[in-house]
Amino acid sequence: MSDDEPSVPVFCDDCGTTTRVPLDDVGEAIERHNDQLHDGEEIAQVDPDIADHLADLVVDDLGLLDEE
């Protein structure tokens, strides 16, 4: 992972692990971890605070809450 490539914190409560994953690889990395270690159950996830912040940025960027 290069220093210029954004990464996202991913954590797994069951494993007690946190790692940073390149933004482009987050979905695959989480799915692979959950498939291999948790029988596909969605345990590992993006840090919820980061996910909420990203969702807010997307809503603002797309103007989804703008009055018409």
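Structure shown above.
Residues numbered from 1 in each chain as written. Predicted model: local features only at pLDDT ≥ 70, side-chain atom pairs only at ≥ 80, totals over all residues. Heavy atoms only, no water.

## Observations concerning the nonpolar core
Nonpolar side chains in soluble globular proteins generally cluster together in the buried interior.
(1) Moving on: Counting 7 residues, the largest nonpolar core consists of Val8, Val10, Val21, Val26, Ala29, Ile30 and Val46.
(2) Moving on: Elements supplying a minimum of two residues to this core: strand S1 (7-12) and helix H1 (26-38).
(3) Moving on: Per-element tally for this core: the top contributor is H1, with 3 residues. (Core = buried A, V, L, I, M, F, W, Y, C linked by side-chain atoms within 4.5 Å. Buried < 20%, exposed > 50% of the residue type's maximum accessible area, 1.4 Å probe, protein only. Helix = DSSP H or I, 4+ residues; strand = E, 2+ residues; numbered from the N terminus.)

## Focus: the sheet that holds strand S2 (residues 17-22)
(1) Moving on: Spatial ordering of the open sheet is given by S2-S1-S3, a layout of 3 strands whose pairing is antiparallel. Looking along the sheet, the strands with just one partner apiece sit at the ends: S2 and strand S3 (45-46).
(2) Moving on: Alignment of S1 against S3, held across 2 bridges, turns out to be antiparallel. Looking at the pairing, Phe11 lines up with Gln45 of S3.
(3) Moving on: Against the sheet, H1 makes contact with S1, S2 and S3, and its axis sits at roughly 15 degrees relative to S1, the strand it touches most. (Pairing = 2+ DSSP bridges. Contact = heavy atoms within 4.5 Å. Axes fitted to C-alpha atoms, helices over the stretch in contact; angles between N-to-C directions.)

## Some thoughts on a nonpolar patch on the surface
(1) Moving on: Residues Val58, Leu62, Leu64 and Leu65 make up a contiguous nonpolar surface patch of about 440 Å² in total accessible area.
(2) Moving on: Counting through the fold element by element, Leu64 comes out in the segment after helix H2 (48-62). (Patch = residues over 30% accessible without salt bridge, like charges linked within 9 Å, V, L, I, M, F, W, Y side chains within 5 Å. Areas by Shrake-Rupley, 256 points an atom, 1.4 Å probe, with all protein chains shown as cover. Salt bridge = Lys/Arg side-chain N within 4 Å of Asp/Glu carboxyl O.)

## Side note on a negative patch on the surface
(1) Moving on: Where like charges cluster on the molecular surface, the negative patch consists of Asp13, Asp14, Asp24, Asp25, Glu28, Glu31, Asp35, Asp39, Glu41 and Glu42.
(2) Moving on: One can find Glu42 in the loop between H1 and S3. (Lys, Arg positive; Asp, Glu negative; His and termini not counted. Charge placed at Lys NZ, Arg CZ, Asp CG, Glu CD.)

## A short note on the side chain of Asn34
(1) Moving on: Examined against the element boundaries, Asn34 turns out to sit in helix H1.
(2) Moving on: Classification of Asn34 by relative accessible area gives buried; the value is 3%.
(3) Moving on: Once residues within four sequence positions are removed from consideration, Asn34 is found in contact with Asp39, Gly40, Glu41, Glu42, Ile43 and Ala44.

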